[in-house]
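Take a look at the letters that make up each chain.
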Amino acid sequence: MYQALYRKWRPQTFDDVVGQEHITKTLKNEIESGKISHAYLFIGSRGTGKTSCAKIFAKAVNCLAPKGGNPCGECDICKEIQSESALDIVEIDAASNNGVENIRSMREEVVFSPTKCKYRVYIVDEVHMLSAGAFNAFLKILEEPPEHVIFILATTELHKIPATIISRCQRFNFKRISSADIIERLKLVCKKEKIKIEPKAAKLIAKCADGGMRDALSILDQCANSCENNVTFENAKKILGISSGDQTEKFAENILENNSSGCIEIIDEIHQESVNILKFCESVMEYFRNVMIETVNKSRKDISLKRILEILDVLQVSYQNISSGANAKLEMEIAAVKLCENVSTQGSKSVTDTEINNTKKEITPPQSPKTVNPPVKKMEIKTEDGTFEPWGKILEELKNTKTLKSLYISLRDSNAYKSGNYILIDSKNSLAFELLRNNSEYRIAIKNIIKNITGRQYSLGPYKPENKEKTKDDPLEALVDKARKNGIDVTLN
Ligand SMILES: Nc1ncnc2c1ncn2[C@@H]1O[C@H](COP(=O)(O)OP(=O)(O)OP(=O)(O)O)[C@@H](O)[C@H]1O
Ligand SMILES: [Mg+2]
Ligand SMILES: [Zn+2]
């Protein structure tokens, strides 16, 4: 049966544990000197060696012939523990056994002597998941632990553990493992497993594992499986969903040239290639961070610091939005357009707002009287006249106008309806509204195209299909609602 690399390569002695020397040294000393505590608390992020060290410790305290604090790995006890058949080593997953009754039954059990080993060792994983009642019951055991019992509590979240418990344990903080240590381990595993790996690929995997050895080995496993044991940088990138450096650079250049359609094409491209867009965003930020440093050091002079900071700000917002679950592709498109079209993120008052406001107030807008309609009476957008037939032609026209490519891309799957003097755009892509709201040139251009094709001047608005009743009651509210849903900040005075 195939065994995952990270399981197969679980360290079996303290000396085999990577990057946690500050811990393994102390534990070995305790074994050698026989000064053993009854409760240990292992804290640290995922896959850094907590469970592994707990198991090694369980072996070492019970080993019949320990060597320099390490378990021998040869005696009956070591072998039994290694094969996970030792009755005296009890692993408890507190995530699924977190009730007070679980701890009570443990309390009844601990008083009995171990069957074979010197110490019965309880390894409690995810200990922060215990309920308040369970922690209280557990505290009672910790207050007077039987001589033959050792508890090793492991957690990724120290702050969820009561201080009364923490104070009764010897604490060990597991560090994130350095890239260098991870690379070293990957090389060793590859050598023994007869996997070829490019140094650049090992470096990339280590970077993505972010200090966790389990993750690093899992990624290696995945790469080796899909590349027939020949892990190249290009393959690793593909499996990790990482864009090529080229794409990052091209994207950054397009931003600096204010070429939003170029950016959108790259976003399309990486999306097609299943690149992880969050990671792409990160790589673009890293790129501009380097530009910032070069600029600060005066080794680069073609771009102002103000502009770089603006770019980083916008990217940061997208990064956060994507991290918290927003549509990644759309977020990147919005960022690109904001940056290329010089859209103010403050949301200056736009003609679209004015149009909506004027519907309410029925006054003539002060600016650009040539391009804006005479005041529309509120009633006129009450009923919807139906699909706006020429929309297809208008999109075609947008597509063929180079300066309107971004607008076209954001509108290409849209529909439109006519309602009195309004063309109501039905688009799932909120980028379209963002563009129209923030860019008067786009609004004017599209209105002119509509005018050329229909011979009439229309105003633009968002369409709200799912709520016709509301449209009837208060069309203004419905429009504003839709606009807000699409991230357009509309203010009604
Ligand atoms: N410090 C390390 N040295 C060598 N290998 C390690 C180390 N840490 C983790 N590993 C590898 O990752 C696997 C999982 O490690 P382990 O179960 O000890 O992590 P953990 O810290 O308990 O993680 P979790 O918080 O997810 O329980 C091991 O089987 C081993 O392959
Ligand atoms: Mg663990
Ligand atoms: Zn042994």
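The rules behind each value
Residues numbered from 1 in each chain as written. Chains lettered and ligands numbered in written order. Predicted model: local features only at pLDDT ≥ 70, side-chain atom pairs only at ≥ 80, totals over all residues. Near = placed C-beta within 6 Å. Helix = DSSP H or I, 4+ residues; strand = E, 2+ residues; numbered from the N terminus. Nonpolar A, V, L, I, M, F, W, Y, C, P; charged D, E, K, R; others polar. Buried ≥ 20, exposed ≤ 12 C-beta atoms within 10 Å, placed from the backbone. Core = buried A, V, L, I, M, F, W, Y, C linked by C-beta atoms within 7 Å. Domains from an automatic or database assignment. Contact = placed C-beta atoms within 7 Å. Pairing = 2+ DSSP bridges. Axes fitted to C-alpha atoms, helices over the stretch in contact; angles between N-to-C directions. Left-handed = near helix turned anticlockwise from the far one by under 90°. pLDDT = per-residue confidence, 0-100. Expected span 1.5 Å × (residues − 1). Arc of directions from axis to C-beta.

(A) Spatial organisation of the site of ligand 1. Near ligand 1 you find 25 residues, and of these Arg10, Gly49, Lys50, Thr51 and Ser52 are the closest. Looking at the shell around ligand 1, the elements with two or more residues in it are helix H1 (5–8), helix H3 (50–62) and helix H10 (213–226). Tallied by class, residues from the shell around ligand 1 come to 9 nonpolar, 9 polar and 7 charged.

(B) Examining unusual backbone geometry more closely. Not every positive phi belongs to a glycine, and Glu228 is a case in point at roughly 50 degrees. Along the chain, Glu228 turns up in the loop between H10 and strand S7 (230–231). Residue classification places Glu228 among the exposed residues on the basis of 10 C-beta atoms within 10 Å. Positive phi values are uncommon outside glycine, yet Lys298 reaches one of about 65 degrees. Tracing the sequence through the fold places Lys298 in the loop between helix H14 (277–296) and helix H15 (305–323). C-beta crowding within 10 Å serves as the criterion here: with 7 such atoms nearby, Lys298 is assigned to the exposed category.

(C) Examining the nonpolar core more closely. In this structure, Ile255, Cys263, Ile277, Cys281, Ala336, Leu407 and Ile423 are the most contacted members of the largest nonpolar core, which totals 55 residues. Looking at which element gives the most residues to this core, the answer is helix H16 (residues 328–340), with 9 residues. When residues of this core are sorted by domain, at least three fall in each of domain 3 (245–340) and domain 4 (351–485). Each residue touching Cys263, except ones within four places of it in the same chain, is listed here: Phe251, Asn254, Ile255, Ala336 and Cys340. The next biggest cluster of nonpolar side chains, apart from the first, holds 49 residues, and it includes Ile31, Ala39, Leu130 and Ile150.

(D) Spatial organisation of the sheet that holds strand S11 (residues 459–462). Read from one edge to the other, the open sheet built from 4 strands follows the order S8-S9-S10-S11, with strand pairing classed as mixed. Single-partner strands in this sheet number two, and they are strand S8 (386–387) and S11. Alignment of strand S10 (residues 422–426) against S11, held across 4 bridges, turns out to be parallel. Within S11, the residue paired with Tyr422 across the bridge is Ser459.

(E) The packing of helix H12 (residues 245–256) against H14, seen in detail. With their axes 9 Å apart at the nearest point, H12 and H14 run at an angle of 65 degrees to one another. For the element pair H12 and H14, the recorded crossing hand is right-handed. Contact residues: H12 offers Thr248, Glu249, Phe251 and Ala252, while H14 offers Ser283, Val284, Tyr287 and Phe288. Of the residues assigned to the contact of H12 with H14, the class counts are 5 nonpolar, 2 polar and 1 charged.

(F) Expanded view of the environment of Phe135. With respect to the helices, strands and loops of the structure, Phe135 is situated in helix H6 (residues 132–143). With 35 residues separating them along the chain, Phe135 and Val100 place their C-alpha atoms 7.7 Å apart. When sequence neighbours within four positions are dropped, the list of residues in contact with Phe135 reads Leu130, Pro162 and Ile165.

(G) The confidence of the model for the chain, seen in detail. This prediction gives the chain a mean pLDDT of 85; 86% of its residues lie at or above 70. In this model, residues 344–378 is a region of pLDDT below 50 whose contacts with residues beyond four sequence positions or in other chains number 50 contacts. Counting interchain partners and residues more than four positions distant, the pLDDT-below-50 stretch residues 467–473 has 6 contacts.

(H) Fine view of the pairing of strand S4 (residues 149–155). The buried fraction of S4 amounts to 7 of the 7 residues, a majority that puts the element mostly inside the structure. Here S4 shows two buried faces, one formed by Val149, Phe151, Leu153 and Thr155 and the other by Ile150, Ile152 and Ala154. Note: strand S1 (residues 39–43) against S4, 5 bridges, orientation parallel. Of the residues in S4, the one forming a bridge with Phe42 is Ala154.

(I) The arrangement of the sheet that holds S1 in detail. The strand order across the open sheet formed by 5 strands is S2-S3-S4-S1-S5, and the pairing between neighbours is parallel. Among the strands making up the open sheet, the edge pair consists of strand S2 (89–93) and strand S5 (170–173). Neighbouring strand axes in the sheet, compared pairwise and without regard to direction, differ in orientation by 15 degrees on average. The pairing of strand S3 (residues 120–125) with S4 spans 5 bridges and is classified as parallel. Residue Val121 lies in a different strand from S4, and its bridge partner there is Ile150.

(J) Just H14, in detail. Relative to the 28 Å expected for 20 residues at 1.5 Å per residue, H14 spans 28 Å between its end C-alpha atoms, a close match to the ideal helical length. Residues of H14 that are buried: Ile277, Phe280, Cys281, Ser283, Val284, Phe288 and Val291. Buried residues in H14, looked at end-on, bunch into an arc of 165 degrees, giving them a common side. Across H14 from its buried face, at more than 90 degrees, point the exposed residues Glu286, Asn290, Ile293 and Val296. For H14, the secondary structure elements touched by its buried residues are H12, helix H13 (260–272), H15 and H16.

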